[in-house]
Amino acid sequence: VKGLTMCYAVILVTFYSAAVSGYWVFGNKSNSNILKSLLPDSGPTLAPTWVLGLAVIFVLLQLFAIGLVYSQVAYEVMEKKSADVKQGMFSKRNLIPRLILRTIYMIFCGFLAAMLPFFGDINGVVGAVGFIPLDFVLPNDSYTTKHTSLQNHP
């Protein structure tokens, strides 16, 4: 319960503080993408260069994490077909094809995402469908299931 409370507190503070402060600063003209708000189409940038650089780094870190989580199924399918189970997971025979296949897959996904003009909307839907259950429903359900199973079995 303490861990769940801490996770929810961190999510609440980080996401809602950014949302509230962004709306406070930009009002109705705030964008769903923070970089679009800080880099308007006309006029100067609204933040120092180091803040914009830090924002880009954080966006890339988030995208890498999302790519790792949502691509695990594709990686599993690719590696079942390309790996030799008799050799170790980190042997040259398995490591090199894994790196090549994962790199090609991420380049393909990035290229496809760059081609879609409505990628932000798709990203929002996928985030809502994927992250809300993972962040809020699954941990609570896991705790409840474990807690009730411990009560039923003395």
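Residues numbered from 1 in each chain as written. Predicted model: local features only at pLDDT ≥ 70, side-chain atom pairs only at ≥ 80, totals over all residues. Heavy atoms only, no water.

As annotated in an unreviewed UniProt entry, the protein chain carries the name Amino acid transporter transmembrane domain-containing protein and is attributed to Cicer arietinum. Reading the Sequence similarities (unreviewed entry) entry of the UniProt record for the protein chain gives the comment "Belongs to the amino acid/polyamine transporter 2 family. Amino acid/auxin permease (AAAP) (TC 2.A.18.1) subfamily." (UniProt positions renumbered as here; feature names shortened; annotations may be inferred.)

**Q** Explain the environment of Gly-88 to me, and be specific about the residues and the numbers.
**A** Secondary-structure assignment places Gly-88 in the loop between α4 (72-82) and α5 (92-115). The partly exposed category is assigned to Gly-88, whose relative accessible area is 38%. (Helix = DSSP H or I, 4+ residues; strand = E, 2+ residues; numbered from the N terminus. Buried < 20%, exposed > 50% of the residue type's maximum accessible area, 1.4 Å probe, protein only.)

**Q** Go over the pattern of salt bridges, please, and point to the residues and values.
**A** Following the criterion strictly, the structure yields 2 salt bridges and no others. Its salt-bridge partner being Arg-98, residue Glu-79 comes within 3.5 Å of it at the nearest N-O pair. Of the two residues, Glu-79 sits in helix α4 while Arg-98 sits in helix α5, which places them 19 residues apart along the sequence. One exposure class covers both Glu-79 and Arg-98, and it is buried. Measuring nitrogen to oxygen at the nearest pair gives 2.9 Å for the salt bridge that ties Arg-102 to Glu-79. Of the two residues, Arg-102 sits in helix α5 while Glu-79 sits in helix α4, which places them 23 residues apart along the sequence. Note on Arg-102: relative accessible area 25%, which makes it partly exposed. With relative accessibility at 19%, the residue Glu-79 sits in the buried group. Overlapping salt bridges, with partners in common, bring together Glu-79, Arg-98 and Arg-102 in one network. (Salt bridge = Lys/Arg side-chain N within 4 Å of Asp/Glu carboxyl O.)

**Q** Explain the domain arrangement of the protein chain residue by residue, including any values.
**A** We note that the domain assignment places domain 1 (48-117) and domain 2 (119-153) within the protein chain. One C-alpha centre belongs to domain 1, the other to domain 2, and the line joining them spans 24 Å. With 5 residues of domain 1 at the contact, the number on the domain 2 side is 5 residues. At the boundary of domain 1 with domain 2, total buried surface from both sides reaches about 530 Å², with 74% on carbon and sulfur atoms. At the junction of domain 1 with domain 2, the criterion picks out 0 salt bridges. Counting the contacts that link domain 1 with domain 2 gives 0 residue pairs in polar contact (both at pLDDT 80 or more). Residue classes in the side of domain 1 that touches domain 2 are distributed as 5 nonpolar, no polar and no charged. (Domains from an automatic or database assignment. Contact = heavy atoms within 4.5 Å. Buried area = accessible area lost by both parts, 1.4 Å probe. Polar contact = N/O pair within 3.5 Å; in protein donor to acceptor, adjacent residues only side chain to side chain. Nonpolar A, V, L, I, M, F, W, Y, C, P; charged D, E, K, R; others polar.)

**Q** Go over the UniProt feature "transmembrane region" (unreviewed entry) in the protein chain, please, and point to the residues and values.
**A** In the UniProt entry, the feature "transmembrane region" (unreviewed entry) is given for residues 7-26, 46-70 and 99-119. Annotation note: span residues 7-26, helix share 100%, strand share 0%, distance between end C-alpha atoms 28 Å. Overall, residues 99-119 shows 86% helix and 0% strand. The separation of its end C-alpha atoms is 26 Å.

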